[in-house]
Amino acid sequence: MAGSCDFCIRIFKCIPVLFVLSVVAWSYFAYVVQLCFNTVQSNVERVFDLMVYHILLFFFLWAYWQTVCTPVFTVPRKFVLSAEDQDRFNRAENEGAQKQIIEEVTQSLPLATRTASGGFRYCHICSHIKPDRSHHCSVCGTCVLKMDHHCPWVNNCVSFSNYKYFILFLGYALLYCLFIVMSTLQYFIEFWEVTGNPDRVQRFNVLFLFFVAAMFLFSLVSLFVYHLYLVSHNRTTLEAFRAPVFIRGPDKNGFNLGCGPNFTEVFGDDVLLWFVPVFTSMGDGVEFPVRYGYSSSSNRYHSMGRTINSIGDGVEYPQRTLDPASDHLLGSDNWTDDNDDFRFAPYVPPLSPRTAKRALAPTNLDNSSSYDSTRSSDQCEENGLNTGSNLDRQQTFVV
Ligand SMILES: [Zn+2]
Ligand SMILES: [Zn+2]
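Residue positions are given per chain, counted from 1 along the sequence in the order it is written. The naming scheme follows written order: chains are lettered A onward, ligands numbered 1 onward. With pLDDT at 70 or above as the cut-off, local features in this predicted model cover only qualifying residues; side-chain atom pairs require 80 or more to be listed or tallied, and sums for whole chains, interfaces and linings still use all residues.

If you check an unreviewed UniProt entry, the chain appears there as Palmitoyltransferase from Bemisia tabaci. UniProt positions are given in the numbering used here, feature names are shortened, and annotations may be inferred rather than shown by experiment. The UniProt entry for the chain carries this comment under Catalytic activity (unreviewed entry): "L-cysteinyl-[protein] + hexadecanoyl-CoA = S-hexadecanoyl-L-cysteinyl-[protein] + CoA". Comment text from UniProt for the chain, heading Subcellular location (unreviewed entry), reads "Membrane".

Structure follows, in structure tokens:
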């Protein structure tokens, strides 16, 4: 019973993808058959239209396929507490001992971000520490590396593994629609002006093709431009709504290395491959270069591989290989996040009261969001830090 229910849910999730493919299939018939072969009179124009159309269609479908079918990258096993650590944790006599154990475990992990209260980000559903920029997707049922959002139109999480594909999919879909609108505009106008009785099916298909392409074009432009903006600032959609919290407080620009390096991080170091839907993103999805002062350890990736790049801001990009211990989970979500506070292991940076006050000053906070720092205040007081009114800010989130 449960199996058949899961099957039904899977089919249901595929409906948006099937809808997109159906629209593309119909647009192929309308453009190639009804427009190019039945309407266009000039052979030169027909050949040109068919050639450009098929090139755009090829890259559009290729990028879409990659976005849909690329599995999300999940959290490596090194972020899971070992059985021994878990046992020690369970047998710890008090919260302080538990905190000590977690701090020991996380010392070897590349973590630059914290929860709003300063603790380590922990997923109680998956029972592991969350790497930077990862979030738990309730649709996929797992934590996803550098999660951007879960997109029903691709039935997959848009994340580290397929973000480049997603942007290319938007870009090529935009060009596809734009080309259709431009090449059908002339016939769209002629069909409105014609007084005779042309083929009604042909007329309907060309007119409807123009309207549908224009409608999708309008939607895609805003989405595409928005994601280019996010890439240029090195933010995910989730981070745009809720800034990641670093040692010095929340900062939407914590991963922002400058426009060029930001694009390189997503699209790779070979500009010619930027427009090809193959995997060229930099890093391993676990560790990301951060702005100076935010890193808990090094400001470089630790990964294996061949890439040796130094581009801008002294940021050295490593390899694009993945941690072999990571599981690849086929996507099946909504975002549930960092309210999964690891309450037993709050992280308190070893700052003097004066440094702490300066670090948490409003200049480090993004204007568009504010965070609940009440618990941070409690923690700082517990550690003898008087952080002042900056930590008494209410936990409100403003989009
Ligand atoms: Zn999780
Ligand atoms: Zn998901």
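Attention now goes to the sheet that holds strand 9 (residues 245-246). Paired strands are those between which DSSP finds at least two bridges. Where helices and strands are cited, they refer to DSSP runs of H or I of at least four residues and of E of at least two residues respectively, numbered from the N terminus. Spatial strand order, 2-9-10: three strands in an open sheet with antiparallel pairing. A single partner strand is all that each edge strand has here, and the edge strands are strand 2 (113-114) and strand 10 (249-250). Both strand 9 and strand 10 contribute to a ladder of two bridges, which runs antiparallel. Each residue of the ladder has a partner; that of F246, found in strand 10, is G249.

The next subject is unusual backbone geometry. One non-glycine residue with positive phi stands out, namely S127, at about 60°. A residue is called partly exposed when the number of other C-beta atoms within 10 Å of its own lies between 12 and 20, exposed at 12 or fewer, and buried at 20 or more, with C-beta atoms placed from the backbone. S127 sits in the exposed class, given 11 other C-beta atoms within 10 Å. In this structure, N155 is a non-glycine residue whose phi angle is positive, near 50°. Turning to its location among the elements, N155 is positioned in the loop between strand 7 (149-151) and strand 8 (156-158).

As a further point, take the UniProt feature "transmembrane region" (unreviewed entry) in the chain. In this structure's numbering, the residues bearing the UniProt feature "transmembrane region" (unreviewed entry) are residues 12-31, 51-73, 165-188 and 208-229. This span, residues 12-31, is 100% helix and 0% strand, and a straight line between its end C-alpha atoms measures 29 Å. Secondary structure content for residues 208-229 is 100% helix and 0% strand, while the C-alpha to C-alpha distance between its ends is 32 Å.

In contact at an axis separation of 8 Å, helix 2 (residues 43-69) and helix 5 (residues 163-193) are set at 155° when each is read in the N-to-C sense. Compared by their axis directions, helix 2 and helix 5 come out roughly antiparallel. As for how helix 2 packs across helix 5, the hand of that crossing is left-handed. Where helix 2 approaches helix 5, its residues D49, V52, Y53, L56, L57, F59, F60, A63, Y64, Q66 and T67 are matched on the opposing element by Y165, F166, L168, F169, Y172, A173, L175, Y176, F179 and S183. Per-class residue counts for the contact of helix 2 with helix 5 are 17 nonpolar, three polar and one charged. In this analysis an axis means a line fitted to C-alpha atoms, helices contributing only their contacting stretch, and an angle means the value between N-to-C directions, from 0 to 180 degrees. Oblique is the label for every angle not falling under 35 degrees (roughly parallel), over 145 degrees (roughly antiparallel), or within 65 to 115 degrees (roughly perpendicular). Note on convention: the crossing is left-handed when the near helix lies turned anticlockwise from the far helix by less than a right angle, right-handed when the turn is clockwise. We call two residues in contact if the C-beta atoms placed from their backbones are at most 7 Å apart. For this classification, Asp, Glu, Lys and Arg are treated as charged, while Ala, Val, Leu, Ile, Met, Phe, Trp, Tyr, Cys and Pro are nonpolar and the rest, including Gly, are polar.

The next point concerns helix 2. Any helix carries an expected span of 1.5 Å times its number of residues minus one. Spanning 27 residues, helix 2 covers 38 Å between terminal C-alpha atoms, matching the ideal 39 Å at 1.5 Å per step. Buried within helix 2 are the following residues: D49, Y53, F59, F60, A63, Y64, Q66, T67 and V68.

On to the confidence of the model for the chain, then. Of the residues in the chain, 71% have a pLDDT of 70 or more, and the chain-wide mean is 75. pLDDT expresses how confident the predictor is about each individual residue, on a scale running from 0 to 100. Within the model, pLDDT remains below 50 along residues 296-399, and this stretch shows 213 contacts once partners closer than five positions in the same chain are excluded.

With that out of the way, let us pick up the pairing of strand 3 (residues 119-123). Residues in a regular strand point their side chains to alternate faces of the sheet. Along strand 3, five of the five residues are buried, which leaves the element largely enclosed by surrounding structure. Two successive antiparallel strands, strand 3 and strand 4 (residues 128-129), enclose a turn made up of four residues, where S127 displays a positive phi of approximately 60°.

As a further point, take the environment of V72. On the secondary structure map, V72 appears in strand 1 (residues 72-73). On the basis of neighbour counts, which here come to 29 C-beta atoms within 10 Å, the residue V72 falls in the buried class. V72 sits 74 residues away from K146 along the chain, and the two C-alpha atoms are 9.6 Å apart.

Now for the environment of S138. Within the element layout of this structure, S138 appears in the loop between strand 5 (135-137) and strand 6 (142-144). In this structure, the C-alpha to C-alpha distance between S138 and H150, residues twelve residues apart in sequence, is 9.2 Å.

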